[in-house]
Amino acid sequence: MEVSPESEAVRSDVRQGRPYLVLAVCCASVVVVVMDIAAVNVALPSIRRDLHASVSGLQWTVDAYVLVLAGFLVLAGSAADRWGRRRVFQFGLATFGFGSLLCSLAPTIGWLIAARVLQAVGGTMLNPVAAAIVATSFPGPAERARAIGVFSSMTGLSQALGPIIGGALVASLGWHSIFWINAPIVAVAMVCAARFVPESRAVRARRFDPVGQILVVLVLAGVVYAIIESRRLGWTSPVLLGLLGAATLAFLGIVAYEPRRADPLLELRLFRSTPFSAAILISLFGMCGFGAFLFVTTQYLQTVRGMSPLTAGLSLLPVGISVAIVAPLAGRLVAARGARLPLVISGATLATGSGTSILLGPDTPLPAVLATYSLFGIFLGTVLAPITTIALAGMPRSMAALATSLPSAARQSGTALGVAISGTMVASALPVAEQRSPTPRTPCRG
């Protein structure tokens, strides 16, 4: 890893910015984004009843968000390195907050999906950029790994708070209220970012690469959209074939075009590194499994077991608690022994949790259900810190935001695929009439 190219002025600003306060502000962005995702998943059955949404409408409520993240995270990371990480971070907070307001006012499923897209535009400028800010605020490798572990543990806190707060809000005030909770968090984060977070960017701004950015968006968006719509249109549909063809051409364009640029958006030579490439694949396939789990679980708890939104949220608490406990330990383990052992643990727990989930039914004892969910939490807690650390080790710190955005884009792509695949399986098991206009059910409280 090359020596940081940040100027001495920027280094001084980072020291004056008190790194742990910077870390706290960046953690707030994780809380607001991840808590929103968890709360929305708990609210899906209520959204389905109130807005008369189909299963595909619920898929798009989740995937409209993650698809935009997947398509534009690299762009946001590159822009932050070029124009200033704090500036992009603040703009992302404002955009996310405005999108949340529009979500809370949504009268139809189409309105909600559109507002989720705007939320996602803001989200692209938050977590990967915040991770880069943390990386530049903690210059020592061991110190940086520990800080990333704390940063990653906020995912667990958000996973723990999201279902509980979301379930309580849905039960008492309706699903619209799950988006109101974002407003105070965003407001506080914006004030603190202006006060404590120092500006940082590459000393020599990389030239804008619009062709590379468009090609990346075409590859990610084309593949993900084609898979999401495959159930409705069919794999032989001209629309899907056209999208996959465009994605293939865009991928070939990246391979041919990016190496010829002096300042490419994607440093393709980095993918020659086996650890870096493995981190991208782990992000993609691991989050595919986790995204499917989260989408199906909320339907299982409320529709199959008849739980209320609050009870369903409490049932997901083991996921968040496991992440909150394990993620800091994983960060220390990465700092002391490297990324291999945490990644082995994450893969083993994801496989075990997925296999055990197949056995869950309407009458499965609740302790067995909660124990299964804790395995998914251990997976998430042990996978985030090593992947982020590997990505940062693979790029110069002048490209830190871009480095963290690549595995983030892979995670969001995997989540979108997981929701699309699991949603298709759920829809195929439902009667046609129930897919289109579900009959309201009264959840039990037991």
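Predicted, not measured: the structure shown is a model, and the values here were computed from it.

**Quick word on the overall build of the protein chain**
The number of helices and strands found in the protein chain is 18 helices and zero strands. Looking at the protein chain alone, contacts between residues at least 24 apart form 83% of all its contacts between residues at least 6 apart. Here the protein chain displays about 17700 Å² of accessible surface, and carbon together with sulfur accounts for 70% of that area.

**Section: the packing of aromatic side chains**
For the structure on display, the rule yields five aromatic pairs. Between Phe290 and Phe293 the ring centres are 5.7 Å apart and the planes differ by 50 degrees, which places this aromatic pair in the tilted class. One end of the pair, Phe290, and the other, Phe293, are both in helix α12 (residues 274-304), three residues apart, so they sit about a helical turn from each other. Residue Phe290 is classed as buried on the basis of its relative accessible area of 3%.

**A look at the side chain of Gln119**
Tracing the sequence through the fold places Gln119 in helix α5 (residues 109-123). Each residue touching Gln119, except ones within four places of it in the same chain, is listed here: Asp36, Tyr65, Phe96, Gly99, Ser100, Cys103, Phe179 and Asn182.

**What to know about a nonpolar patch on the surface**
A cluster of nonpolar side chains, namely Phe98, Leu101, Leu105 and Trp111, defines an oily patch on the protein surface of about 420 Å² accessible area. Along the polypeptide, Leu105 turns up in the loop between α4 (85-104) and α5.

**Considering the nonpolar core**
The tendency in soluble globular proteins is for nonpolar side chains to be buried side by side. Grouped together as the largest cluster of nonpolar side chains are 82 residues, with contacts concentrated most on Ile47, Phe89, Leu112, Phe151, Trp175 and Ile178. Grouped together as the second largest cluster of nonpolar side chains are 27 residues, Val42, Leu294, Phe376 and Ile387 included.

**Description of the environment of Thr356**
Within the fold, Thr356 resides in helix α15 (residues 340-357). On the basis of relative accessible area, Thr356 is assigned to the partly exposed category, the value being 27%. Between the alpha carbons of Thr356 and Leu375 there is a distance of 9.6 Å; along the sequence they are 19 residues apart. Separated by 2.8 Å, the side chain of Thr356 and the backbone oxygen of Thr352 make a polar contact.

**Considerations on the packing of helix α9 (residues 210-228) against helix α11 (residues 238-257)**
Packed helices, taken two at a time, are described by their axes: the angle between them and the distance between them. With their axes 8 Å apart at the nearest point, α9 and α11 run at an angle of 145 degrees to one another. By crossing handedness, the relation of α9 to α11 is classed as left-handed. Counting all contacts with α9, which are made through Val211, Gly212, Leu215, Val216, Leu218, Val219, Gly222, Val223, Tyr225 and Ala226, the residues of α11 involved are Leu240, Leu243, Leu244, Ala247, Ala250, Phe251, Gly253, Ile254 and Tyr257. Residues of the contact of α9 with α11, tallied by class, amount to 16 nonpolar, three polar and no charged.

**A word on the confidence of the model for the protein chain**
The predicted model of the protein chain averages 79 in pLDDT, with 86% of residues at 70 or higher. Counting contacts from residues 1-17, a segment whose pLDDT is below 50, to residues more than four positions away or on other chains yields 31 contacts. Considering only residues more than four positions removed or in separate chains, one finds that residues 431-435, a stretch of pLDDT under 50, has nine contacts.

**Observations regarding the side chain of Thr382**
With respect to the secondary-structure elements, Thr382 resides in helix α16 (residues 366-393). Under the relative-accessibility criterion, Thr382 is labelled buried at 5%. In this structure the side chain of Thr382 is engaged in a polar contact, spanning 2.8 Å, whose partner is the backbone oxygen of Ile378. Apart from the residues lying within four places of it in its own chain, the contact partners of Thr382 are Val326, Ala330, Pro342, Leu343, Ile345 and Ser346.

**Focus: the environment of Ser78**
With respect to the element layout, Ser78 can be found in helix α3 (residues 55-83). Residue contacts for Ser78: discarding those within four places in its chain leaves Gln213 and Leu265.

**Re the pattern of salt bridges**
Applying the stated criterion to the full structure yields two salt bridges. Linking Asp36 and Arg116 is a salt bridge whose minimum nitrogen-to-oxygen distance equals 2.6 Å. You can see Asp36 sitting in helix α2 (residues 19-50) and its partner Arg116 sitting in helix α5, a full 80 residues away along the chain. Overall, Arg116 belongs to the buried group, its relative accessible area being 2%. Among the ionic pairs, Arg261 bridges to Asp209, the shortest N-O distance being 3.4 Å. In this pair, Arg261 sits in the loop between α11 and α12 while Asp209 sits in the loop between α8 (182-196) and α9, placing the two residues 52 residues apart along the sequence.

**Topic: unusual backbone geometry**
Both trends apply: most residues other than glycine have a negative phi, and most peptide bonds are in trans. With a phi angle near 50 degrees, His52 is a residue other than glycine that sits in the positive phi range. Structurally, His52 is set in the loop between α2 and α3. Note on His52: relative accessible area 53%, which makes it exposed.

**Details of the packing of α2 against α5**
Relative orientation of the contacting elements α2 and α5 amounts to 175 degrees, with a least axis distance of 14 Å. As judged from the angle between their axes, α2 and α5 are roughly antiparallel. Taken together, the residues of α5 that come into contact with α2 (itself represented by Asp36, Val40 and Ile47) are Ile109, Leu112, Arg116 and Gln119.

**Here we look at α8**
With 15 residues, α8 extends 21 Å from end C-alpha to end C-alpha; this agrees with the ideal 21 Å at 1.5 Å per step. Every buried residue belonging to α8 is among Asn182, Val186, Ala189 and Ala193, and all of these are buried. The buried residues of α8 all sit within an arc of 65 degrees when viewed along its axis, so they share a single face. Counted as exposed and oriented over 90 degrees from the buried face of α8: Val188, Val191 and Arg195. Residues of α8 that are buried in the fold lie against α2, α4 and α5.

Cut-offs applied
- Residues numbered from 1 in each chain as written.
- Predicted model: local features only at pLDDT ≥ 70, side-chain atom pairs only at ≥ 80, totals over all residues.
- Heavy atoms only, no water.
- Helix = DSSP H or I, 4+ residues; strand = E, 2+ residues; numbered from the N terminus.
- Contact = heavy atoms within 4.5 Å.
- Areas by Shrake-Rupley, 256 points an atom, 1.4 Å probe, with all protein chains shown as cover.
- Phe/Tyr/Trp six-rings, centres within 6.5 Å; stacked < 30°, edge-to-face > 60°.
- Buried < 20%, exposed > 50% of the residue type's maximum accessible area, 1.4 Å probe, protein only.
- Patch = residues over 30% accessible without salt bridge, like charges linked within 9 Å, V, L, I, M, F, W, Y side chains within 5 Å.
- Salt bridge = Lys/Arg side-chain N within 4 Å of Asp/Glu carboxyl O.
- Core = buried A, V, L, I, M, F, W, Y, C linked by side-chain atoms within 4.5 Å.
- Polar contact = N/O pair within 3.5 Å; in protein donor to acceptor, adjacent residues only side chain to side chain.
- Axes fitted to C-alpha atoms, helices over the stretch in contact; angles between N-to-C directions.
- Left-handed = near helix turned anticlockwise from the far one by under 90°.
- Nonpolar A, V, L, I, M, F, W, Y, C, P; charged D, E, K, R; others polar.
- pLDDT = per-residue confidence, 0-100.
- Parallel < 35°, antiparallel > 145°, perpendicular 65-115°, else oblique.
- Expected span 1.5 Å × (residues − 1).
- Arc of directions from axis to C-beta.

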